[in-house]
Amino acid sequence: MATGRTHRPATRSRGIPEATVARLPLYLRALTGLSERSVPTVSSEELAAAAGVNSAKLRKDFSYLGSYGTRGVGYDVEYLVYQISRELGLTQDWPVVIVGIGNLGAALANYGGFASRGFRVAALIDADPAMAGTPVAGIAVQHSDELEKIISDNGVSIGVISTPAGAAQQVCDRLVAAGVTSILNFAPTVLSVPDGVDVRKVDLSIELQILAFHEQRKAGEEAAGNNTEPADAPPLRATPASRKGPDGDMPAVMPV
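> Can you explain the overall build of the protein chain? Please cite residues and give values.
Check the secondary structure of the protein chain and you find nine helices and eleven strands. Across the 256 residues of the protein chain, 36% fall into the buried class. Intrachain contacts of the protein chain at a sequence separation of at least 6 include 56% that bridge at least 24 residues. Accessible surface computed for the protein chain: about 15400 Å², of which carbon and sulfur atoms make up 56%.

If you want it as structure tokens, here you go:
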């Protein structure tokens, strides 16, 4: 069986932009759903809507793959699934190690989508000796002392870090030294890696903070909308300070 160490995706060599690469998994997810419903073809508009992009961008992205569809028919779903899977390197086996088997690491280990998307969890690794031998998702956790041997024995080139922030850089350094060239980082810290090593960072707290920002802005806009005068309300005008009333000078009214 092919492993991640001997095969690399062809995207960079073919000059596909990183922004396009980032959208390919969205297209693949939408296409996989269509395939599971036995839908034979799909228009660019329908697929773009399912993937959450505009159709012009989708057609441009697919042009990098050499896929242009058929006028009046659309795109062949099964062929696109194969084409994108091949471009992403998902037609081969990618052994993955997960380092840090706390709550998050265990949840990742139990995620059922790895196998169906071309990834095999080759090992679960943790620094706690008490965790050694504990089965998680049917896989026995191994101690971090064995990390280098595990990577070598399994031909691993993708590592997942789900350790506390303080341990992440040391784990990253060991992964890289052992030959891992791609890292998915769930630890809330920025990793330093040499050239040739790719890091993707997933920080759930940052994503929640961004959502909180948008919620706060929406609430502020709603409050501002509730405080506005009706469109047909007469404007308030300033009253000259020298104007006399029955009880003397009338204070000027500040304009709104």
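The structure having been displayed, the exposition proceeds.
> An account of the layout of surface pockets is requested, with residue identities and associated values reported.
Estimates place the volume of the largest pocket at around 1900 Å³. Forming the boundary of the largest pocket are 40 residues, of which P25, L88, L90, F119 and R200 lie nearest the centre. Of all the secondary-structure elements, those providing two or more residues to the lining of the largest pocket are α1 (18–36), α4 (77–88), β3 (94–99), α6 (113–116), β7 (158–161), β8 (182–185) and β9 (198–201). With ten residues, α1 is the largest single contributor of residues to the lining of the largest pocket.

> Give me the lowdown on the nonpolar core, citing residues and values where you can.
Formed by 23 residues in total, the largest nonpolar core has its most connected members in Y27, L31, V42, L47, L58, F62 and I84. Taken together, the elements giving at least two residues each to this core come down to α1, α2 (44–51), α3 (55–64) and α4. Sort the elements by how many residues they give to this core and α1 lands first, with seven residues. The residues contacting V42, other than those within four sequence positions of it, are L31, L34, L47, G74, Y75 and V77. A123, I150, A168 and C172 belong to the second-largest nonpolar core, a separate cluster that totals 19 residues.

> How would you summarise the packing of α1 against α4 if you had to cite specific residues and measurements?
Where α1 meets α4, the closest approach of the two axes is 9 Å, and the angle between their N-to-C directions is 145°. Seen along the crossing, α1 lies across α4 with a hand that is left-handed. Contacts from V21, L24, P25, Y27, L28, L31, T32, L34 and S35 in α1 reach V77, E78, L80, V81, I84, S85, E87 and L88 in α4. Looking at side-chain class alone, the contact of α1 with α4 contains twelve nonpolar, three polar and two charged residues.

> Give me the lowdown on unusual backbone geometry, citing residues and values where you can.
Of note, the phi angle at S38 is positive, near 60°, even though the residue is not glycine. Along the polypeptide, S38 turns up in the loop between α1 and β1 (41–42). In the Ramachandran plot, A137 falls in the positive-phi region, its phi being about 55° despite a non-glycine side chain.

> Give me the lowdown on the pattern of salt bridges, citing residues and values where you can.
Counting across every chain of the model gives seven salt bridges. With its nearest N and O atoms 2.7 Å apart, the salt bridge here joins E215 to K218. Note that E215 and K218 are positioned in helix α9 (residues 204–226) at a spacing of three residues, about one turn of the helix. Look at E215 and you get partly exposed, because its relative accessible area is 48%.

> Lay out helix α7 (residues 147–154) in plain terms, naming residues and giving numbers.
Buried residues of α7: L147, I150 and I151, and no others. The buried residues of α7 occupy an angular sector of 95° when projected down its axis, which confines them to one face. Set apart from the buried face of α7 by more than 90 degrees, the exposed residues are K149, S152 and D153. Looking at the buried residues of α7, the elements they touch are β3, β4 (119–126), β6 (139–143) and α8 (165–177).

> Now, about the pairing of β4: what can you tell me, with residues and values included?
Burial analysis of β4 places six of its eight residues in the buried class, which makes it a mostly covered element. Of the strand pairs in this sheet, β3 and β4 are connected by six bridges, and their pairing is parallel. Among the inter-strand pairings, V97 is bridged to a residue of β4, identified as A123. The pairing of β4 with β6 spans three bridges and is parallel. Residue pairing for β6: I125 is matched across the bridge by Q142.

Cut-offs applied
Residues numbered from 1 in each chain as written. Predicted model: local features only at pLDDT ≥ 70, side-chain atom pairs only at ≥ 80, totals over all residues. Heavy atoms only, no water. Helix = DSSP H or I, 4+ residues; strand = E, 2+ residues; numbered from the N terminus. Buried < 20%, exposed > 50% of the residue type's maximum accessible area, 1.4 Å probe, protein only. Contact = heavy atoms within 4.5 Å. Areas by Shrake-Rupley, 256 points an atom, 1.4 Å probe, with all protein chains shown as cover. 1 Å grid on protein atoms, 1.4 Å probe; cavity = no way out; pocket = protein on both sides within 12 Å on 5 of 7 lines; lining within 4 Å. Points joined across faces, edges and corners; volume = space filled by probe spheres on them. Core = buried A, V, L, I, M, F, W, Y, C linked by side-chain atoms within 4.5 Å. Axes fitted to C-alpha atoms, helices over the stretch in contact; angles between N-to-C directions. Left-handed = near helix turned anticlockwise from the far one by under 90°. Nonpolar A, V, L, I, M, F, W, Y, C, P; charged D, E, K, R; others polar. Salt bridge = Lys/Arg side-chain N within 4 Å of Asp/Glu carboxyl O. Arc of directions from axis to C-beta. Pairing = 2+ DSSP bridges.

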